[in-house]
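Residues per chain are reported as follows:
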Amino acid sequence: ATIQWFPGHMAKAKREVQEKLKWIDVAFELLDARVPMSSRNPMIDEILGQKPRLVLLNKADMADEAVTEQWIRYFREQGKTAIAIDAQSGTGVRQLAAAAKEMVKDKFAKMRAKGIKNPRPVRALIVGIPNVGKSTLINRLAGRHIAKTGDKPGVTKAQQWIKVGKEMELLDTPGILWPKFEDEDVGYKLAVTGAIKDEILNGQDVAVYALRFLSAHYPERLLSRYDLDDIPADIVALFEAIGRRRGCLTAGGGVDYDKVAEIVLSDIRTEKLGRLSFEAPALRT
Ligand code: G4P
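What this report covers is the structure whose coordinates are included nearby.

## Here we look at the site of the ligand
Surveying the vicinity of the ligand reveals 17 residues, the closest of which are Asp61, Gln88, Asn131, Lys134 and Thr136. One nitrogen or oxygen atom from the side chain of Asp61 is found 2.8 Å from a nitrogen atom belonging to the ligand. Starting from 710 Å² of accessible surface for the ligand in isolation, the protein chains cover 67%. In terms of residues, the shell around the ligand owes the most to one element, helix H6 (residues 134-142), which gives 3 residues. The residue inventory of the shell around the ligand, partitioned by class, reads 5 nonpolar, 6 polar and 6 charged.

What follows is the structure, given as C-alpha cells:
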C-alpha cells in the first residue's frame, strides 16, 4: 500500500503504538534483514521507551546470511536480542514465544513472588514500517489468516488477542510506523527492496543506486547473471552492457534504459541475483 505520511499522521501513529504498549509485555520490532537500519523507524527508541524489545530480522531468506550474522552480533553488542526469521515460510518463527518469555522472565518472577501462581501468557505486539512483513508474521503465528487493517494510522477496529501456543498472546493489529525519510540513500534502499512502491522514486535512479551497490559489493553476481566480461566503471556503460546482453533495445537500436532498470530491480526482488544485503554494520554505504 502507498502511504502518505504527514506530521499529523506520524504523531497519530506514534500515539496509537504507545497506547498499545500498556497492554503488552514485549514488542517485536520487525526489520527487513536486508536493510535493518533503513527499515527502522527513526523514533523507535523514544516510542518504545523501556518496553522490552525483541528485534526480528525478517525476510532473512532473501538476505546475505553472513551479513545477517553480523547484524545479530551488532544488536547483541547493543544489549538487544535479534533473531533472523522468514515470516513467509515460517523459518525461525517458532523461537519467538520462548525468546519473548525469556525477555520478561524477571517481570513474571516478580508476579509469582507476589503470589500469582499461574502467570498469564506473555503478551506481544508487532511493530514495523509498511511492507516489512507484519501481517505475514501475524498470520504465521496465528496459524490462520487475520484480516489486515488498512495501512493507515487511524483505521481502527476492535483489537483481539491471538493465542500463539499456550505461552504467548499477540495483538492482532500491528503497530505501523513510518520509515526514515531524511536520507536519500534510505529511500533508495527501501525502493530496491520493494518496501516503497515504484511510483515514488524514478526506476532508473533506483536501478543506478542498486547497480552501483552491486558493482561494489557483489560484482561476481553481476558478472555471472548478465554474462559480462567486466563491470564498466561508468554507470551508463553498465546499463548498456546489461541492455545489450538482455536485448533491451529501442526501435532505433539504442538501449532501453527503462527496461534495463526494470529487469535489474525485478532480478533483485526475485532473488535472481542471489541473497543480497544492502546494509552491513561494517559497511558505510
Ligand atoms: P506489512 O503487513 O508489514 O505491510 O507486510 P506484509 O505482511 O503485507 O508483507 C509485505 C510483503 O513481504 C508481502 O509480499 C509478503 O509476502 C512479503 N514477505 C513478508 N515476510 C516475508 C519473508 O520473511 N520473506 C519473504 N521472502 N517475503 C516476505 P507481497 O509481494 O506484497 O505479496 P505476496 O508476494 O505475498 O503476494
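Moving on from the model shown.
## What about the packing of aromatic side chains?
How two aromatic rings sit relative to each other is given by the distance of their centres and the angle of their planes. The tally for this structure, following the rule as stated, stands at 7 aromatic pairs. For the pair Phe213 and Tyr218, a centre-to-centre distance of 6.4 Å together with 45° between the ring planes defines the contact as tilted. Note on Phe213: relative accessible area 5%, which makes it buried. By the ring-pair criterion, three or more aromatic residues cluster together here, those being Trp71, Tyr74 and Phe75.

## Let's talk about a negative patch on the surface
Residues Glu182, Asp183, Glu184 and Asp205 make up a contiguous surface patch of negative charge. Mapped onto the fold, Glu182 is located in the loop between strand E7 (175-176) and helix H7 (184-192).

## Topic: the side chain of Thr68
By the secondary structure assignment, Thr68 is in helix H3 (residues 65-77). Other than its neighbours up to four places away in sequence, Thr68 contacts Ala33, Leu57, Ala63 and Ala84.

## Quick word on unusual backbone geometry
Positioned with a positive phi, Asp227 is a non-glycine residue whose angle comes to about 55°. Summarising the element assignment, Asp227 is placed in the loop between helix H9 (219-225) and helix H10 (235-245). Taking relative accessible area as the criterion, Asp227 reaches 49% and is therefore assigned partly exposed. Here Glu271, not a glycine, exhibits a phi torsion of approximately 60°, which is positive.

## As for H3
Because an α-helix packs 3.6 residues into every turn, residues spaced three or four apart end up facing the same way. When the terminal C-alpha atoms of H3 are compared, their 19 Å separation across 13 residues agrees well with the 18 Å that a helix rising 1.5 Å per residue should span. Every buried residue belonging to H3 is among Val67, Thr68, Trp71, Ile72 and Phe75, and all of these are buried. Angularly, the buried residues of H3 cover 150° about the axis, an arc narrow enough to put them on a single face. Projecting away from the buried face of H3 at angles above 90 degrees are the exposed residues Arg76 and Glu77. Those residues of H3 that are buried lie in contact with strand E1 (26-32), strand E2 (53-58) and strand E3 (81-84). Between a side-chain oxygen at the N-terminus of H3 and the backbone nitrogen of Ala66 the separation is 3.2 Å; the capping residue is Asp64. With its phi angle positive at about 80°, Gly79 sits one or two positions after the end of H3.

Conventions and cut-offs
Residues numbered from 1 in each chain as written. Predicted model: local features only at pLDDT ≥ 70, side-chain atom pairs only at ≥ 80, totals over all residues. Heavy atoms only, no water. Near = heavy atom within 4 Å. Polar contact = N/O pair within 3.5 Å; in protein donor to acceptor, adjacent residues only side chain to side chain. Areas by Shrake-Rupley, 256 points an atom, 1.4 Å probe, with all protein chains shown as cover. Helix = DSSP H or I, 4+ residues; strand = E, 2+ residues; numbered from the N terminus. Nonpolar A, V, L, I, M, F, W, Y, C, P; charged D, E, K, R; others polar. Phe/Tyr/Trp six-rings, centres within 6.5 Å; stacked < 30°, edge-to-face > 60°. Buried < 20%, exposed > 50% of the residue type's maximum accessible area, 1.4 Å probe, protein only. Patch = residues over 30% accessible without salt bridge, like charges linked within 9 Å, V, L, I, M, F, W, Y side chains within 5 Å. Salt bridge = Lys/Arg side-chain N within 4 Å of Asp/Glu carboxyl O. Lys, Arg positive; Asp, Glu negative; His and termini not counted. Charge placed at Lys NZ, Arg CZ, Asp CG, Glu CD. Contact = heavy atoms within 4.5 Å. Expected span 1.5 Å × (residues − 1). Arc of directions from axis to C-beta.

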